[in-house]
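# Coordinate analysis (summary)
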Amino acid sequence: MPECPGAPAGRDVRSPSGREPPPLHAALDLGTNNCRLLLARPARDGFRVVDSFSRIVRLGEGLSRTGRLDTAAMDRAYDALAICAERLARRQIPAERLSAVATQACRAAENGPEFVARVAAGTGLKLRVIDPAEEARLSVTGCATLFDPMAEAVVVIDVGGGSTEVSWLKREPQGFTTVAWISAPLGVVSLAERLPEPDEGDAAAWYAAMVDEMAAALTAPPEAAALRPLFERGAAHLVGTSGAITSLAGIHLRLPRYNRDRVDGLWMTRAECDAATLKLREMGRAGRAADPCIGPDRADLVLAGAAILDAVQRGWPSERVRVADRGLREGLLLEAMKRPRRTRRRRRRAQPST
């Protein structure tokens, strides 16, 4: 089994030497669209995944219109989190080895703090609502092993349900360093709600409107603009992480069912991304719902994700995009495993009196 961030799940067994395996760590990410849990043990070059869980909960459904989390959406998320809590209890993972975070939906909603409190009271899970800067940083950490070491610059696109984090990195002697980042207030859920797919009419015009909407939200900082010459001469590439982008890769590969081993780390050209997007448009909502790489839960969102990637590609032209089925959770695990362990102080024995 690969010993790297995002390795496939496997059996939790003792090492050949018979020694106890390293302690389990867990990362939980409650996003605007998904609730995802990853359990892993430290390994030489990263970690080895032991178990994982993912469920589309659409916590941010309707948030862009009302400013509040919907009752049904909170119930869906709560049920998924309760399953996560059960898995953590079964593995006896203590709180100090769990990194549990919530992102845009809980960050933006007026009743986000109330929902976080409800989760803590009912499941024991203490969600930490992280800001966009930490979200972007963790996604970069989780995807770092996919950077081409020969590239001079990389742009990481983390497409969420309610926001999209874009990070610009430049290769330095010590490795890739983030020089700029932004958090655009559009993700697959919010963009799809703002521009819903028409039942009839010009699908190409609808898709183009989504790309334009996203492009308007992508204002690159001056530090990022300084990297543009590297893109113009083909010395840079993109890394895309999200369920929508991995679904796009599955369509490109014509997979009979989603296969993470074939998708994670896949290189796609700009032309291949465009061809897969066109196929998604031609399939229609019913066709996308029936496709095993998309399914009914993503049928109305996957084209919004393709439009977000398209907008970044137009702003930062690159012939190469690397698909990442990894990101924030993997970043959480890697950072947690690097922290020094707290050592227990030995109790001094009382000295005999003389």
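Below, the structure is looked at part by part. Source: prediction; values computed, not measured. (Residues numbered from 1 in each chain as written. Predicted model: local features only at pLDDT ≥ 70, side-chain atom pairs only at ≥ 80, totals over all residues. Heavy atoms only, no water.)

### Re the nonpolar core
To be explicit about the condition: What makes a nonpolar core is a set of buried Ala, Val, Leu, Ile, Met, Phe, Trp, Tyr and Cys residues whose side-chain atoms join them at distances within 4.5 Å. Relative accessibility decides the category of a residue: with a 1.4 Å probe and only protein chains considered, values under 20% of the type maximum give buried, values over 50% give exposed, and everything between is partly exposed. A run of DSSP states H or I qualifies as a helix once it reaches four residues; a run of E qualifies as a strand once it reaches two. Both are numbered from the N-terminal end. Contacts are assigned to residue pairs that have any heavy atoms within 4.5 Å of one another.
Counting residues in each nonpolar core, the largest one holds 52 residues, and the members touching the most others are Val155, Trp168, Val188, Tyr207 and Met210. Broken down by element, the residue count for this core peaks at nine residues, all from helix α13 (residues 302–315). Those residues in contact with valine 188 that sit more than four places away from it in its chain are Val159, Gly160, Gly161, Ala244, Leu301, Ala304, Gly305 and Ile308. In terms of nonpolar packing, the next biggest core, distinct from the first, is built from 32 residues, Val50, Ala77, Ala100 and Phe115 among them.

### Examining the pattern of salt bridges
What counts here: A carboxyl oxygen of Asp or Glu within 4 Å of a side-chain nitrogen of Lys or Arg is what we treat as a salt bridge.
The full count for this structure, using the stated rule, is 22 salt bridges. Two residues, arginine 326 and aspartate 264, come together in a salt bridge whose shortest N-O distance is 2.4 Å. Taken as a pair, arginine 326 in the loop between β11 (320–324) and α14 (328–338) and aspartate 264 in the loop between α11 (260–263) and β10 (267–269) lie far apart in primary sequence, 62 residues in all. One exposure class covers both arginine 326 and aspartate 264, and it is buried. Residues aspartate 310 and arginine 314 are paired through a salt bridge, measuring 2.9 Å at the closest nitrogen-oxygen approach. Linking aspartate 310 with arginine 314, this pair stays in helix α13, spanning four residues, or about one helical turn.

### Re the pairing of strand β9 (residues 236–241)
For clarity, the threshold we go by: Here the rule is simple: two strands pair whenever DSSP picks up at least two bridges between them.
Within β9, six of the six residues are buried, leaving the element largely enclosed by the surrounding structure. A two-sided burial pattern is seen for β9, the buried positions comprising Ala236, Leu238 and Gly240 on one face and His237, Val239 and Thr241 on the other. Both strand β6 (residues 153–159) and β9 contribute to a ladder of six bridges, which runs parallel. Bridge pairing in β9 places aspartate 158 opposite threonine 241.

### Points about the environment of arginine 257
Looking at the secondary structure, you find arginine 257 in the loop between α10 (243–253) and α11. By relative accessible area, which is 59% here, arginine 257 ends up exposed. With 35 residues separating them in the primary sequence, arginine 257 and proline 292 have C-alpha atoms 5.1 Å apart. Non-local contacts of arginine 257, meaning those with residues more than four positions away in its chain, are made with Pro292 and Cys293.

### Observations regarding α10
The condition that has to hold: The term polar contact refers here to a pair of N or O atoms within 3.5 Å; inside protein, the definition further demands a hydrogen-donor-capable atom paired with an acceptor-capable atom, and it admits residues adjacent in sequence only when both atoms are side-chain atoms.
Counted residue by residue, α10 has nine buried out of 11 residues, so it is predominantly covered. Every buried residue of α10 is listed here: Gly243, Ala244, Ile245, Thr246, Ser247, Leu248, Ala249, Gly250 and Ile251. Measuring from the backbone nitrogen of alanine 244 back to the side-chain oxygen at the start of α10 gives 3.2 Å, which picks out serine 242 as the cap. Within two residues after α10, arginine 254 carries a phi angle of roughly 55 degrees, on the positive side.

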